[in-house]
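Analysis of the macromolecular model
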Amino acid sequence: MTSVPVPGAQEAKMKKLIYVLVAVVALAAAFVGWRMMAPPPDDLDLARSKQTQAGMFTVAIAPESEPVRQGPLHSWIVTVTTPDGAPVEDATISVDGGMPQHGHGLPTAPAMTAALGEGRYRIEGVRFNMGGWWELKLAIAADGRSDDVTFNLVL
Amino acid sequence: MRPRLLTTGVALAALLLAGACKPSNLSEGEARVVATLSLAALPLLPADPSNRVADDPAAAALGEALFFDHDLSADGSVSCASCHQPTRRFQDGIARAIGIGEADRRTMPLEGVAWSPWQFWDGRADSLWAQALGPWENPVEHGGNRVALVRQVANAYRDEYEAVFGPLPDLTGLPEDTSPLGSESERAAWAGLTDDERGRVDRVYSNMGKAVAAFERTIAPVMTRFDRFAEAVAAGRRPEGEAALSDLELEGLKLFMGEASCVNCHNGPRFTDDHFHNTGVPAVPGLPPDRGRADAVAKVLADPFNCLGAFSDTTPEQCGEIRFMVRDGEALERAFKTPSLRGVAGRAPYMHAGQIATLEEVVDHYASAPEAPSGRTAIEGFVLTDRGRMALIAFLNTLEPMDGKASHVGQAPQEN
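Just so it is clear, the model here is predicted, and its values are computed rather than measured.

Before going further, it helps to examine the domain arrangement of chain B. All names here are of chain B. Examined at the domain level, chain B breaks down into domain 1 (2-42 + 222-292 + 333-409) and domain 2 (57-219). Between domain 1 and domain 2, the residue contacts involve 29 residues of the former and 28 residues of the latter. At the boundary of domain 1 and domain 2, one finds two salt bridges. For Arg 105, the salt bridge goes to Asp 290, with nearest N and O atoms at 2.8 Å. Along the contact surface separating domain 1 from domain 2 lie nine residue pairs in polar contact (both at pLDDT 80 or more). Listed by contribution, the elements that provide at least two residues to the side of domain 1 that touches domain 2 are β3 (336-337) and β4 (408-409). A class-by-class count of the residues in the side of domain 1 that touches domain 2 yields 16 nonpolar, six polar and seven charged.

Moving on, we come to the UniProt feature "binding site: heme c 1" (unreviewed entry) in chain B. All names here are of chain B. What UniProt calls "binding site: heme c 1" (unreviewed entry) maps, in this numbering, to Cys 80, Cys 83 and His 84. On the secondary structure map, Cys 80 appears in helix α4 (residues 80-83). For Cys 80, a relative accessible area of 12% corresponds to the buried category. Leave out the neighbours within four places in its chain, and Cys 80 touches Phe 67, Trp 136 and His 142.

Further remarks concern the UniProt feature "domain: Cytochrome c" (unreviewed entry) in chain B. Sequence positions flagged by UniProt for "domain: Cytochrome c" (unreviewed entry) are, in local numbering, residues 247-400 of chain B. As a span, residues 247-400 of chain B carries 31% helix and 3% strand, and end to end its C-alpha atoms are 18 Å apart.

Residue and element names in this part refer to chain B. Under the counting rule described, the total for this entry stands at one disulfide over all chains. One disulfide bridge connects Cys 307 with Cys 319, the sulfur atoms lying 2.1 Å from each other. In this structure, the disulfide formed by Cys 307 and Cys 319 twists by about -75° around the S-S bond and is classed as left-handed. You can see Cys 307 sitting in the loop between α12 (293-302) and α13 (320-323) and its partner Cys 319 sitting in the loop between α12 and α13, a full twelve residues away along the chain. Like Cys 307, the residue Cys 319 is buried in the burial classification. Cys 80 takes part in no disulfide bond, and the closest cysteine sulfur, belonging to Cys 83, lies 8.8 Å away. Here Cys 265 is not cross-linked by a disulfide; its sulfur's nearest cysteine counterpart is in Cys 262, at 9.0 Å.

All names here are of chain B. Across all of its chains, the model carries 31 salt bridges over all chains by this definition. Among the salt bridges present, the one from Glu 242 reaches Arg 228, with a minimum N-O distance of 2.5 Å. Note that Glu 242 is positioned in the loop between α10 (225-234) and α11 (247-257) and Arg 228 in helix α10, a separation of 14 residues in sequence. Arg 228 gets classed as partly exposed once you look at its relative accessible area, which sits at 31%. The network of salt bridges with common partners includes Arg 105, Asp 122, Arg 124 and Asp 290.

Moving on to the packing of helix α6 (residues 146-156) of chain B against helix α7 (residues 158-165) of chain B. Residue and element names in this part refer to chain B. Where α6 contacts α7, the axes come no closer than 5 Å and their chain directions differ by 100°. With respect to α7, the axis of α6 lies roughly perpendicular. Of the residues in α7, those touching α6 at Val 153, Ala 154 and Ala 156 are Arg 158, Glu 160 and Tyr 161. Classifying every residue of the contact of α6 with α7 by side-chain character gives four nonpolar, no polar and two charged.

Conventions used here
- Numbers given for residues are sequential positions, taken from 1 along each chain in its written order.
- Each chain is given a letter, starting from A, and each ligand a number, starting from 1, according to the order in which they appear as written.
- Reporting in this predicted model follows two pLDDT cut-offs: at least 70 for local features of residues, and 80 or more for side-chain atom pairs to be given and counted; totals over whole chains, interfaces and linings ignore these cut-offs and use all residues.
- As a rule here, side-chain values come from all non-hydrogen atoms in the structure, and water together with hydrogens is ignored.
- For every domain, the bounds stem from an assignment made automatically or drawn from a database.
- Note on definitions: a residue-residue contact is assigned when non-hydrogen atoms from the two residues lie within 4.5 Å.
- The salt bridge definition used is simple: a Lys or Arg side-chain nitrogen within 4 Å of an Asp or Glu carboxyl oxygen.
- Here a polar contact is recorded for every N or O atom pair within 3.5 Å, except that within protein the pair must consist of a potential hydrogen donor and a potential acceptor, and residues adjacent in sequence are included only if both atoms are side-chain atoms.
- The helix count covers DSSP runs of H or I at least four residues long, the strand count covers runs of E at least two residues long, and both are numbered beginning at the N terminus.
- Following the grouping adopted for this structure description, the nonpolar residues are Ala, Val, Leu, Ile, Met, Phe, Trp, Tyr, Cys and Pro, the charged ones are Asp, Glu, Lys and Arg, and the polar ones are all others, Gly among them.
- UniProt positions are given in the numbering used here, feature names are shortened, and annotations may be inferred rather than shown by experiment.
- Using a 1.4 Å probe on the protein chains alone, a residue whose accessible area is under 20% of its type maximum counts as buried, one over 50% counts as exposed, and one in between counts as partly exposed.
- When two cysteine sulfur atoms are found within 2.5 Å, that pair is recorded as a disulfide.
- What counts as an axis is a line fitted to C-alpha atoms, over the stretch in contact for a helix, and the angles between N-to-C directions run from 0 to 180 degrees.
- Orientation labels follow simple angle bins: below 35 degrees gives roughly parallel, above 145 gives roughly antiparallel, 65 to 115 gives roughly perpendicular, and whatever is left gives oblique.

Set out below in C-alpha cells:
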C-alpha cells in the first residue's frame, strides 16, 4: 500500500524547504558579515592588570600616551608587583605578541629600555600595523623566577 | 496556493541575499574603517629629527634643484626625475627602472613618501635623506661617484648650499673619481683619502640628501573621489552628488575591507601599513633571487648614513625604527613594503619588479594566492567572481586624483 499524498502534506514539505532555503541564505550572509570584520571573541579579557600565568606576579600595563593609534611607535609602562602588592625591582621583561586571528607576530621587536623604580619599567618600540585583536605577551624574570602574562588589546 | 508560497520564499531568499551582497549601505564597522582610510585622517607629517633641515624651505628649494639636475649623473643624462616623473605620480610606468643601466626593481611613486618610516621596496634606508644617497652612486641609476657629485654641487650650488648648511669644506686636491662603492679604481682612490677628507666629502654628500629629503617632504597625497565619499561617511552624512560611489564601487570597497582582506595591509589614509610582507609575487626569470627585507636588515645596520650614524642630526634615543626593527625570522624572507594604493590605477605595471601587468591580474593573484618563490606568502586567497573582480577594480579607480593632475607639491602641515 502506497500512501496517497494529501495536498496539505505537500504544502508543509514545500514550506519546510523554503524555511531551510531562507535559513541557509541567512547563515551565508551572517558568515560573510563575520568574515568581513573578523571581530575578536565577545568574551575577550581586555583587563590591563593581571596575574601572570603561574601567579608569581601581578602586572599592569599602560600606554605612555593615549590613545594607542595604529601606525606610530609607542611606549608602555609595565608595573610589576608581587601578588600582595610589593613592587618587584630588577626584573627583566621581554616582549612578544601578534594577531591570533591572522597568524602573525608583532611588526617590530619591542624591548624593555628602562627600569623606572617602584616596580615600573618602560617598554619601547611597540607598533600595531593593523586594526583588530592584538596580543602583547610579557615574559618577566625577577629574583631567579620567571613567569609570563598575555594582554589582549583591540584597536 | 503553492506557487505563490514558492515565489514568496524565493523572493524572500533573494532579498536576504541582496542584503548581504548589494552594498546599499555600510555597516557601522565598515563605516568606521572607511573613516580611517580618508585623506582627512592623514596624520601630520612626522618630524625627522635626523635631518635638521627637513622643514627648511631654502633646503627644499635646493633639494628640488638637485632632484631635477641631470648633471649629477655619470653622463649628464639622468636625474631623479628621469624615473620619478612629476607628471606620472613620480614614477615611470615601466616594469624595471632605466637609468644608466636597467635596475632589478620598479620605480616607486613618491606621493606621501615622507610619511613612511622605511624607504625602498625592502626598507634598506631608514630616512628619506639616507635613501637619496643611494641612486646617485648606483651604477644602473645615476652612475655617479661621491667626490665628483660633491664637487658638482660645490660648483653649481655654492651659494644655495652655504645659505642652508654653512661654508663648504675645501675640496681641492681630492682625486677626480672617488667613491667607497664604485669601480675598483674609485674604491682604491677612496681608500687613499685621509679620514678627515672622507669625513668632509661625506658631510657634503649627506647634506645633499637632506636637501632632497626636504623637497620630497612637500610631495603630499591629494584628494580623490573616495575621500569625498569617506568624509561624508565619517561625518555621518549620506554621500551624495560628487561624494557618492556607484553600486559597483561600493561593492568593491566592501570586498576590499571584507572578504578580500586587502585592508589588513593596505590600511590607513595612505593605504599602507608601512610594513613588509611576502605576498607570493613571482620572481622575474633571469634576475638574481630577491630576498627583500631579509637582505635589507644588514644593509640598513651597516649604512653610515642611518639614524644612528655620524651624519644623523639626532640622538640614538630618537631612532626608534632602526632600534626596534625585527632583525630575523622567516617573515622577512621575500617581504616587500606595502605600496600605497592612491593613484594605483594610473600607474601600471605593478609589484616590486613590475611582475604583474594589470589590476585584473593583481586581483586574480590575491584570489588564487600562489606559493611564494621563497619564504611563505601571507595571502590566504578568497572566492572571486567576475563581478567581484570588476568591483574591486572600480573601487581602486576611485583612488585617482579628483582633478586628474599629478601629485600636489606644496608645504604639508608639520609635526614639531
